[in-house]
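Structure at a glance
As a plain string of letters, each chain reads:
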Amino acid sequence: EVQLVESGGGLVQAGGSLRLSCAASGFTFSTYTMSWYRQAPGKARELVAFITNAGGSTNYADSVKGRFTISRDNAKKTVYLQMNTLKPEDTAVYYCKVWGTHYWGQGTQVTVSS
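Every chain begins its residue count from 1, and numbering advances along the sequence as written. Local features in this predicted model are restricted to residues of pLDDT 70 or higher, and side-chain atom pairs are both shown and tallied only at a pLDDT of 80 or more, whereas totals for entire chains, interfaces and linings draw on every residue. Here the side-chain values reflect all heavy atoms present in the structure, with hydrogen atoms and water set aside.

We now examine the packing of aromatic side chains. Any two rings among Phe, Tyr and Trp, with Trp reduced to its six-membered ring, count as a pair given centres within 6.5 Å; such a pair is stacked if its planes are under 30 degrees apart, edge-to-face if over 60, and tilted if neither. In total, this model carries 5 aromatic pairs according to the counting rule given. On the basis of an interplanar angle of 90° and a centroid distance of 6.2 Å, the ring pair of Tyr95 and Trp104 is categorised as edge-to-face. Only protein chains enter the area calculation, which uses a 1.4 Å probe; residues under 20% of their type maximum are buried, those over 50% are exposed, and those in between are partly exposed. Residue Trp104 is classed as partly exposed on the basis of its relative accessible area, which comes to 33%. One aromatic cluster is present, formed by Phe27, Phe29 and Tyr32 through successive ring pairs. By the criterion adopted, a ring carries a charge over it if an Arg CZ or a Lys NZ lies within 6 Å of its centre and within 35 degrees of its normal. Its guanidinium or amino end placed over the ring of Phe29, Arg72 lies 4.4 Å from that ring's centre, counting from NZ or CZ. Its end group placed over the ring of Trp104, Lys97 keeps NZ or CZ at 5.4 Å from the ring centre.

Here it is, written out as structure tokens:
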């Protein structure tokens with residue numbers, strides 16, 4: 001059974017940082033591209049970043065470029081999202097997803113206060 005468990009969300013002031021983690025199990029993690037999405041209240045879910053299976057390539061939404069960094073540890077079967085210089089508009093539920101599949105985590109809430 002595929003499981004994706006996010007953690008690391010919380011309440012932070014604007015300008016602060018958070019590091020999200022997504023622990024994966026039930027599939028061969030090292031062979032899949034992994035991604036982070038987010039969904040703000042009343043808005044559609046949007047892609048934040050993805051990272052290829054060996055970590056050799058990453059891609060970011062324009063809104064987070066230069067502030068967020070996606071990384072992975074294949075030995076730990078975990079993908080991370082380091083979020084710096086957070087803004088109130090980053091407030092959302094953040095989800096990890098196995099790229100190209102329908103496997104999602106349960107989400108972790110990130111709230112950035114102004």
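The working definition used for a salt bridge is a side-chain nitrogen of Lys or Arg within 4 Å of a carboxyl oxygen of Asp or Glu. Tallied over the entire structure, the rule returns 4 salt bridges. With a shortest N-O distance of 2.9 Å, Arg38 and Asp90 are connected by a salt bridge. Note that Arg38 is positioned in strand 4 (residues 34-39) and Asp90 in the loop between strand 8 (78-83) and strand 9 (92-98), a separation of 52 residues in sequence. The pair Arg38 / Asp90 is uniform in exposure class, with both members buried. Linking Asp90 and Arg67 is a salt bridge whose minimum nitrogen-to-oxygen distance equals 2.7 Å. Highlighted residues: Asp90 in the loop between strand 8 and strand 9 and Arg67 in the loop between strand 6 (58-60) and strand 7 (68-73), separated in sequence by 23 residues. Asp90 sits in the buried class, given a relative accessible area of 0%. The structure contains a network of salt bridges with shared partners spanning Arg38, Glu46, Arg67 and Asp90. Where helices and strands are cited, they refer to DSSP runs of H or I of at least four residues and of E of at least two residues respectively, numbered from the N terminus.

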